[in-house]
Amino acid sequence: MLDDSKPLFVAVAEQIEDGILDGSYPEDAAVPSTNELAAFLRINPATAGKGLGLLVDAGVLIKRRGIGMFVAPGARAALRERRKLAFEDQFIAPLLREAAALGISPAELANMITKEVAR
Amino acid sequence: MTAIVTTDLAKRYAEVNALDGVTLALEEHRIHGLLGRNGAGKTTLMKLLTGQVFASSGSMEVLGGDPVENVDVLSQTAFIQESQKYPDTFRPIDVLRIAAGAYPKWDQAYADRLVERFQLPTKRLIKKLSRGQLSGIGIVVGLASRAPLTFFDEPYLGLDAVARRMFYDELLHDFAEHPRTVVLSTHHIDEVANLLEHVVILDQGKVLLDADTDELHDAALTVSGRADDVDAFLAGREPLEHTRLGSLATATLAARDGDERAAREAGLDISPVSLQALFVHLTTANASATDPATPVATA
Amino acid sequence: MRIRNVIQLHTVNRMQAFGWPLLIMLVSLAIVLVIGGLVINVATSQGAESLTEARQGMNTGMMFNGAIFALLGPLIGFGFTAMGQYFPLALGLGLTRREFATGTVLVFVFNAAFYAVIVTVGKVIEVATGGYGLGVRFFDVVYTGVGEWWQTLIQTFILILGVALVGAAITTAFHRWGQPFLWVFWIALAVVVVGILAGALLSEGFRGLVVDVAAMGWVPWMVVAAGIGAIGGAIWLALVRRAQAR
């Protein structure tokens, strides 16, 4: 359920981010509390709290004292921008590396992508 | 506040040093994992911290006081041990009645719910219970006592995967609602890894590792790739384990800053090391380091 | 001090604490009555003289009737189980040794008083009814006292309490030093017994001394019994405060 290649609290934060990106948590909507998240994911509440804290620090979530945490206005767009930047690092660079190892030229690669999209 | 502080704590028996120079500080309101192989000293440490046995040397402070014969400390401490002996004529209900009186924060309604969930036959003689049902008694006492400091020593021996998961769920749920300090000792490391906030690994009576689980994720990494590349990368580094298969090799090492980037630049694949794997690597490396009969594991 | 919980520990199982000992006692008493009844029955068929003889014979012979140990036996076990079975659970539930020792002594004292009263009541009834009309003895025997009713009360109390304390001390010492302690204990006991026997056989003077001691009267004997109980209790309390879980 959680990506184990990253520290657990980072994976928790990314999972909430995924929910915001795909619209599961619309803007201004409440996200699960630390304890709900911990019980659902079967993780230590401190870890869940740390994950949520990461998103609060990044301005993705807003803490309303005594009520809970809510998705910040504009969070979805901001997240999408940030993920786009990371996309290059996480997907494009390895793709190019593998292509180079197989002797696929950039032009050839672009061609393959266009063909795949058309399919 | 720290719930438990030990300084150079040792317990020597006639034949063996069960615990040797253990210095620890465990924060309150956390779930701590106490891991180690059989005979590493986990149970001895918990018996010392609950005043069941006396230290040979060193000092300890539990909930702000010496636990030995200390009513203030011990009435706030629950120790659920796998090897707990019960009187021959006792039924689970007898144990629950006494526990209800012994622990100031006991919640009877919660105990009743747990009895039902774990299907504990409360009126059958304890000596006729299965190993799993015996564990059930400890789980009910350990959770329903709501003791500010709760030790679970292999609390689910004989329980199946479903019942173990039930225990984790109950523990997390009740811990969230009633924060307390939990020390969980177990062999099911993979199952509990995500529940733990802090981990102590004991080996041969000594502390081998004492760290927050968040830090542990970066504490070790496994690299794999062409044997020559791995060898080149390992120059000047000390692997915990190094195995080779034909022209390919894998190595696990305690990571220092920059190791991950260096490995990536060397064209090696990097994968994280789970708590379970780290545990195995550390204890194995320690065993070969202290036992001259075993060659260092660089096959 | 959570004394109440320690007392609960010993008494939570009512059958074990009171039910079984009393039940076993009643069964044992019933057997003695049946045997007495059979003897009287046979004697009656043989004439009045034989009946009187049988009654008196039984009354004398049964002074040493050990059937009462059906009750005292399980009570002797209280000392062993207290340390062997209840102590580990007490520690496991976070009770201190001091709490356990205090509560357990109270339980011992209460038990000894409870059963001493029962034995005394039984004895009074037994004496008043001429051995239940059969001339048998069950409560009115040498072990629990054949004197006045208050002597039986005191003697039975001291006996039960002393045995419980000594039993607890032996079990605690066994936990601490293991099998070697038991060897030393039994060998020491054997040496004392064999020594007294040998002395009595070999030396006229020593034999006289033994006879004198045996006949020294009820009060000195009670002092000796209470002394042994007190020593056992002191050793037990000293050991239990340093006893470790195993």
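Preceding this section is the structure that the text describes.
Residues numbered from 1 in each chain as written. Chains lettered and ligands numbered in written order. Predicted model: local features only at pLDDT ≥ 70, side-chain atom pairs only at ≥ 80, totals over all residues. Heavy atoms only, no water.

A. Just the overall build of chain B, in detail. Along chain B, the regular secondary structure elements total eleven helices and 13 strands. Dimensions along the principal axes, computed over C-alpha positions, put chain B at roughly 65 × 40 × 35 Å. Counting across all 299 residues of chain B, residues that qualify as buried make up 52%. Surface summary for chain B: the accessible area is close to 13000 Å², and the carbon and sulfur share equals 49%. Across chain B, the 28 positively charged side chains and the 42 negatively charged ones have centroids separated by 8 Å. (Helix = DSSP H or I, 4+ residues; strand = E, 2+ residues; numbered from the N terminus. Buried < 20%, exposed > 50% of the residue type's maximum accessible area, 1.4 Å probe, protein only. Areas by Shrake-Rupley, 256 points an atom, 1.4 Å probe, with all protein chains shown as cover. Lys, Arg positive; Asp, Glu negative; His and termini not counted. Charge placed at Lys NZ, Arg CZ, Asp CG, Glu CD.)

B. Region of interest: the nonpolar core. If you look at the biggest cluster of nonpolar residues, it comprises 106 residues, and the most contacted ones within it are Phe90, Val141 and Phe167 of chain B together with Phe100 and Trp236 of chain C. Here this core gets eleven residues from one element, more than from any other, and that element is helix H4 (residues 69–92) of chain C. Structurally, this core is a two-domain feature, drawing no fewer than three residues from each of domain 1 (2–204) and domain 2 (216–289) of chain B. Once residues lying within four places of it in the same chain are set aside, the contact partners of Trp236 of chain C are Met83, Phe100, Ala101, Thr104, Val105, Leu165, Ala168, Ala169 and Thr172 of chain C. Residues Ala3, Ile4, Val22 and Val53 of chain B belong to the second largest nonpolar core, which totals 23 residues. (Core = buried A, V, L, I, M, F, W, Y, C linked by side-chain atoms within 4.5 Å. Domains from an automatic or database assignment. Contact = heavy atoms within 4.5 Å.)

C. Region of interest: the pairing of strand E1 (residues 2–12) of chain B. Residues and elements named next belong to chain B. With seven bridges joining them, E1 and strand E2 (residues 17–27) adopt antiparallel strand pairing. Within the sheet, the bridge partner assigned to Thr6 lies in E2 and is Leu24. Count of turn residues in the E1/E2 antiparallel hairpin: four residues. Note: E1 against strand E4 (residues 57–62), five bridges, orientation antiparallel. (Pairing = 2+ DSSP bridges.)

D. Structural view of the interface of chain C and chain B. Contacts between chain C and chain B engage 25 residues on the former and 28 residues on the latter. Carbon and sulfur atoms supply 54% of the area that chain C and chain B bury against each other, a total of about 2400 Å² over both sides. Sorting the residues of chain C by area buried against chain B places Val12, Leu89 and Leu93 of chain C first, and these three jointly supply 23% of that buried surface. The interface formed by chain C and chain B includes two salt bridges. (Buried area = accessible area lost by both parts, 1.4 Å probe. Salt bridge = Lys/Arg side-chain N within 4 Å of Asp/Glu carboxyl O.)

E. Layout of the interface of chain A and chain B. Between chain A and chain B, the residue contacts involve 15 residues of the former and 14 residues of the latter. Summed over both partners, the interface of chain A with chain B comes to about 1300 Å²; 53% of that surface belongs to carbon and sulfur atoms. Linking chain A with chain B are two salt bridges, by the criterion used here. Where chain A meets chain B, there are four residue pairs in polar contact (both at pLDDT 80 or more). When residues of the side of chain A that touches chain B are traced back to their parent elements, those giving at least two are helix H1 (8–21), helix H2 (34–41) and helix H3 (45–57) of chain A. Sorting elements by how many residues they give to the side of chain A that touches chain B places H3 of chain A first, with four residues. Tallied by class, residues from the side of chain A that touches chain B come to seven nonpolar, four polar and four charged. (Polar contact = N/O pair within 3.5 Å; in protein donor to acceptor, adjacent residues only side chain to side chain. Nonpolar A, V, L, I, M, F, W, Y, C, P; charged D, E, K, R; others polar.)

F. A look at the environment of Ala245 of chain C. For Ala245 of chain C, the position within the fold is in the segment after helix H10 (218–240). Residues in contact with Ala245 of chain C, not counting those within four places in the same chain, are Lys47, Gln52 and Val53 of chain B together with Leu91 of chain C.

G. Local environment of the sheet that holds E4 of chain B. Residues and elements named next belong to chain B. Strand order in the open sheet made by the three strands is E2-E1-E4, with antiparallel pairing throughout. Each end of this open sheet is capped by a strand with a single partner; those strands are E2 and E4. In this sheet, neighbouring strand axes are inclined to one another by 15° on average, regardless of whether the strands run parallel or antiparallel. The strands touched by helix H1 (residues 42–49) are E1, E2 and E4; relative to E1, the strand with the most contacts, the crossing angle is about 115°. (Axes fitted to C-alpha atoms, helices over the stretch in contact; angles between N-to-C directions.)

H. Molecular detail of the environment of Ala75 of chain A. Residue and element names in this part refer to chain A. In this fold, Ala75 is placed in helix H4 (residues 75–102). Overall, the relative accessible area of 4% leaves Ala75 in the buried class. Taking C-alpha positions, Ala75 is 5.1 Å from Val60, a pair spaced 15 residues apart along the chain. Those residues in contact with Ala75, other than ones at most four positions away along the chain, are Glu27 and Val60.

I. Molecular detail of the packing of aromatic side chains. Under the counting rule described, the total for this entry stands at 18 aromatic pairs over all chains. Centroid distance Phe152 of chain B to Phe167 of chain B: 5.2 Å. Interplanar angle 80°. Geometry classified as edge-to-face. Taken together, the residues Phe152 of chain B in strand E6 (residues 149–153) and Phe167 of chain B in helix H6 (residues 161–177) connect sequence positions 15 residues apart. According to the relative accessible area criterion, Phe152 of chain B is buried, its value standing at 1%. Summarising the aromatic geometry, the rings of Tyr156 of chain B and Phe167 of chain B are spaced 5.5 Å apart at their centres and angled 75° between planes, so their arrangement reads as edge-to-face. With a gap of eleven residues between them, Tyr156 of chain B in the loop between E6 and H6 and Phe167 of chain B in helix H6 connect regions that are remote in the sequence. The pair formed by Tyr156 of chain B and Phe167 of chain B is uniform in burial state, with each residue classed as buried. Among the aromatic residues, those joined into a ring-pair cluster are Phe152, Tyr156, Phe167 and Tyr168 of chain B. Taking NZ or CZ as reference, Lys50 of chain A lies 4.4 Å from the ring centre of Phe9 of chain A, over its face. (Phe/Tyr/Trp six-rings, centres within 6.5 Å; stacked < 30°, edge-to-face > 60°. Lys NZ or Arg CZ within 6 Å of the ring centre and 35° of its normal.)

J. Geometry of the sheet that holds strand E8 (residues 198–203) of chain B. All names here are of chain B. The sheet built from six strands is open, its strands ordered E5-E6-E7-E3-E8-E9 with mixed pairing. Strands at the two margins of the open sheet, each flanked by one partner only, are strand E5 (77–81) and strand E9 (206–212). Each strand axis lies, on average, 15° off the axis of its neighbour in the sheet, ignoring direction. Looking at chain direction, E8 and E9 are connected through six bridges and run antiparallel. Counted as the bridge partner of Asp203 is Lys206 from E9. This element, H6, spans strand E3 (31–36), E6 and strand E7 (181–185) of the sheet and lies at about 160° to E7.

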